[in-house]
Amino acid sequence: DYFSTSMKNVKEYLKANKKIKIVANTNSADQASRVAETLKRLGYVEFDDIKTETVIKNNTRQVTLVITVHNTPDFDRLYKEHEDEVKKRNEERQKKAEAKKEQEIQMKIF
């Protein structure tokens, strides 16, 4: 997924569950670590554990990164503030789109 989609999904899981494990294979480990570090930097989570697991399946190694995180006391406040900000931005976009449509209609009339 895109980074913003991953952030949104992880925040929604954290809202429902106070503690989660972010699990990634070798191809998505950079995305998972980026999401976890960004959430920590923004104050949403604290790290509990970071580890790698290797499983041998059909004579091939499957390596996964597991980052265990839990909510901070500020999580709910930060989540609500972000949702309000997103809602405000979407309303502004909608107003701009409506103004642009109206302007196009006015151009067609003349």
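Here, the structure is the one placed above.
Let me begin by describing the structure that accompanies this report. None of the values given here were measured: they were computed from a predicted structure.

**Examining the side chain of Thr38**
- Here Thr38 is to be found in helix H2 (residues 29–41).
- A residue is classified by how much of its surface remains accessible, and Thr38, at 11% relative accessible area, is buried.
- Of the polar contacts made by the side chain of Thr38, one reaches the backbone oxygen of Arg34; its length is 2.7 Å.
- In contact with Thr38, not counting residues within four places along its chain, are Phe3 and Met7.

**Describing the packing of helix H1 (residues 3–16) against H2**
- Put simply, H1 and H2 touch, their axes get as near as 10 Å, and they point 60 degrees apart. As judged from the angle between their axes, H1 and H2 are oblique. H1 and H2 meet at a crossing whose hand is right-handed. Contacts between H1 and H2 pair Phe3, Ser6, Met7, Val10, Lys11 and Leu14 from the former with Gln31, Arg34, Val35, Thr38 and Leu39 from the latter.
- Broken down by class, the residue content of the contact of H1 with H2 amounts to six nonpolar, three polar and two charged.

**Here we look at the environment of Tyr44**
- For Tyr44, the location among the structural elements is in the loop between H2 and strand E2 (45–57).
- For the pair formed by Tyr44 and Leu78, sequence separation is 34 residues and the distance between their alpha carbons is 7.0 Å.
- If we skip the residues at most four places from it in the chain, Tyr44 touches Lys11, Leu39, His70, Asn71, Thr72, Phe75, Leu78, Tyr79 and His82.
- One polar contact links the side chain of Tyr44 to the main-chain carbonyl oxygen of Leu78, over a distance of 3.4 Å.

Criteria and thresholds
Residues numbered from 1 in each chain as written. Predicted model: local features only at pLDDT ≥ 70, side-chain atom pairs only at ≥ 80, totals over all residues. Heavy atoms only, no water. Helix = DSSP H or I, 4+ residues; strand = E, 2+ residues; numbered from the N terminus. Buried < 20%, exposed > 50% of the residue type's maximum accessible area, 1.4 Å probe, protein only. Polar contact = N/O pair within 3.5 Å; in protein donor to acceptor, adjacent residues only side chain to side chain. Contact = heavy atoms within 4.5 Å. Axes fitted to C-alpha atoms, helices over the stretch in contact; angles between N-to-C directions. Parallel < 35°, antiparallel > 145°, perpendicular 65-115°, else oblique. Left-handed = near helix turned anticlockwise from the far one by under 90°. Nonpolar A, V, L, I, M, F, W, Y, C, P; charged D, E, K, R; others polar.

Bear in mind that shape data such as this cannot, by itself, settle questions of function.
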